[in-house]
Each structure stands twice: as C-alpha cells, then as structure tokens.
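# Chain and residue survey
Here is what each chain is made of, one letter per residue.
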Amino acid sequence: MKLKRFKNYQELSGFAATDISDAIKNKPSLVLCLASGDTPKLTVELLVKKLIEEKVDHSKITFIGLDEWVGLPPTNTGSCHYFFQNKLIEPLQLKSSQYFLFDALAGDLKNECVKMDKVIDERKGIDIMLVGIGMNGHIGFNEPGSSFDNLSHVIGLDEITKSVGQKYFNEQVELEKGITIGFKHLLNAKKVFLMANGSKKAEVIRTTVEGPLTEDFPASIMQRHENGFVLIDDEAASLLSKLH
Ligand code: GLP
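What you see is a predicted model, and the numbers here were worked out from it, not measured in a lab. (Residues numbered from 1 in each chain as written. Predicted model: local features only at pLDDT ≥ 70, side-chain atom pairs only at ≥ 80, totals over all residues. Heavy atoms only, no water.)

## A few points about the side chain of Ser79
Condition: To qualify as a helix, a DSSP run of H or I must reach at least 4 residues; to qualify as a strand, a run of E must reach at least 2; elements of each kind are numbered from the N terminus. Counting of polar contacts relies on pairs of N or O atoms within 3.5 Å, with two restrictions inside protein: one atom must be capable of donating a hydrogen and the other of accepting it, and residues adjacent in sequence are counted only when both atoms are side-chain atoms. The contact criterion used is simple: two residues touch if any of their non-hydrogen atoms lie within 4.5 Å.
Along the chain, Ser79 turns up in the loop between strand 4 (67-69) and helix 3 (80-92). A polar contact is formed between the side chain of Ser79 and the backbone oxygen of Asn76, at a distance of 2.9 Å. The residues touching Ser79, leaving out its near neighbours within four places in the chain, are Glu68, Trp69, Pro73, Pro74 and Phe169.

## Concerning the site of the ligand
Convention followed: Here, proximity means that at least one heavy atom of the residue falls within 4 Å of the molecule or strand. For the area figures, the Shrake-Rupley method with a 1.4 Å probe applies, and any residue is considered shielded solely by the protein chains shown. The nonpolar class holds Ala, Val, Leu, Ile, Met, Phe, Trp, Tyr, Cys and Pro. Asp, Glu, Lys and Arg form the charged class, and all remaining residues, Gly among them, are polar.
Neighbouring residues of the ligand: 15 residues in total, closest Thr39, Asp67, Lys167, Tyr168 and Lys201. Interatomic distance of 2.8 Å between a side-chain N/O atom of Asp67 and a nitrogen atom of the ligand. Separating an oxygen atom of the ligand from a side-chain N or O atom of Tyr168 is a distance of 2.5 Å. For the ligand, whose free accessible area comes to 390 Å², the fraction covered by protein is 94%. Residues that form the shell around the ligand fall into these classes: 6 nonpolar, 5 polar and 4 charged.

## Details of unusual backbone geometry
Test applied: Only protein chains enter the accessibility calculation, which uses a 1.4 Å probe; a residue whose area is less than 20% of its type maximum is buried, one above 50% is exposed, and one in between is partly exposed.
Positive phi values are uncommon outside glycine, yet Gln93 reaches one of about 50°. Secondary-structure assignment places Gln93 in the loop between helix 3 and strand 5 (99-100). On the basis of relative accessible area, Gln93 is assigned to the exposed category, the value being 68%. One non-glycine residue with positive phi stands out, namely Lys124, at about 60°. Inspection of the secondary structure assignment puts Lys124 in the loop between helix 4 (109-122) and strand 6 (128-131).

As structure tokens, then:
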C-alpha cells in the first residue's frame, strides 16, 4: 500500500482521472471497476471529459459497477445504477455489452453475483478499481466483519451504512441489504485506488493506514495490496500521526 496526498479534492480527482485515462490509452480493453457516491463524483466527471476531449478510444473498455442497494430500481436517483447511467454510461455512450451493473431487483440475487464473478474471471480480473470508504470503514458493501476471501455477495447492511446512506436519497428509504463485489476481486485487481476527502473521513483514514489489518475494519485490506494506493486530500490526512 502506498499513500498519496493532495492539497484538495480537485487535485485528488484530477490525479485519478488522468491515471485512468492514461491506462485506457495504454490498454484499450481495460477492465475498470468504480464506486459511486460523493467521493468519486468529480473523478468520473473529469475522466469522461478527458476521454471525450482527447478522443481516447473507450469502445473496448469493460466497466463494472462496484455495488448496489438491494430492492432499489435503477430509476431511483440515489441508486448506484442511476449515478453510473447518468455520469458515465450515457456520456460515453457505452454499449450494453461493455458495462455490468448488479440488478438489485433480480429475484435471484445469488445469480447476479455468479454472473458478475464470471464477467470478472473471463476478463482475467479487474485492471483498475477505484473505491471510496464508508464511515464504518466499508468498501462497497463489504461491511465490518466481511471476509477478505469473499467473491460477489449479498449482505445485510450495518447500521452506520443505513443511516449515512440516506444522504443519497430525496426521501427516506428502507435500506436493508446491499449487493457488492467482494474482496477477493479487490486483492486480485492489478491496481486499487481508495479515495477519501474532507475532515469527516480523517478518522477512518487513520484507521485504514495506521490501524491493524483486520476484517473488522474492511478498508485495512489496502495494507495487503502491493499496488494499492490510498489517495487523500490534506483534510482526510489530518489525523495521521506520522508523515507517510
Ligand atoms: C457507500 C457505498 C460505497 C461508497 C461509500 C462512501 O455506502 N456503498 O461504495 O464508496 O459508501 O461513500 P461517499 O463517497 O459518498 O462518502
């Protein structure tokens, strides 16, 4: 794991967008897995802008959505599906064969997981994975206690996830379960960016970087990834006890 520190959210997002865009230039068939949420929002916007303005061929990339709230339709503006549809899939005009999102309304959610694992395995793993971090240290919906050996799975949501998650919705919603890519795929990914900004993430970043490597604090898995980068702005870095 390496730590990269930036002055602010703009610089942090600019770095990630440039890195991903360069990676697509070098490998047009790149397999990219992104989280939705507030943190990667600007990265996705800048990435889309770059790919379009610089006419980067993105017709062969595979895009994978990290997670989804179980039971929510893709039309719900707080769903991960809605985020990706509007911020990435439509602007880049990705073909339906190029992107894979969990169907959170599927009757057989287990099968959704099997299908996603197959998509990843057939492509020999994820090239770049960009994730955020929850206020309980989760990544995707790998909640505290999730095994580092998990493939895609469905999980009952932690209380913190349920309450913090309300921020994405215009009305109060019932959030009970999530469906997510598991940590086995993260550990197999060729490169992982965990991104955080703002002082509210300072405590979870300190635990991620300086705390013990434990399934009780999911983001600590970054310590195990040789090509894992924790990208943070000065505010998110403010509680780190030493210079990294
Ligand atoms: C959410 C999602 C994660 C996301 C994290 C942080 O609940 N399940 O995929 O990365 O929490 O979200 P944010 O970037 O909005 O702080």
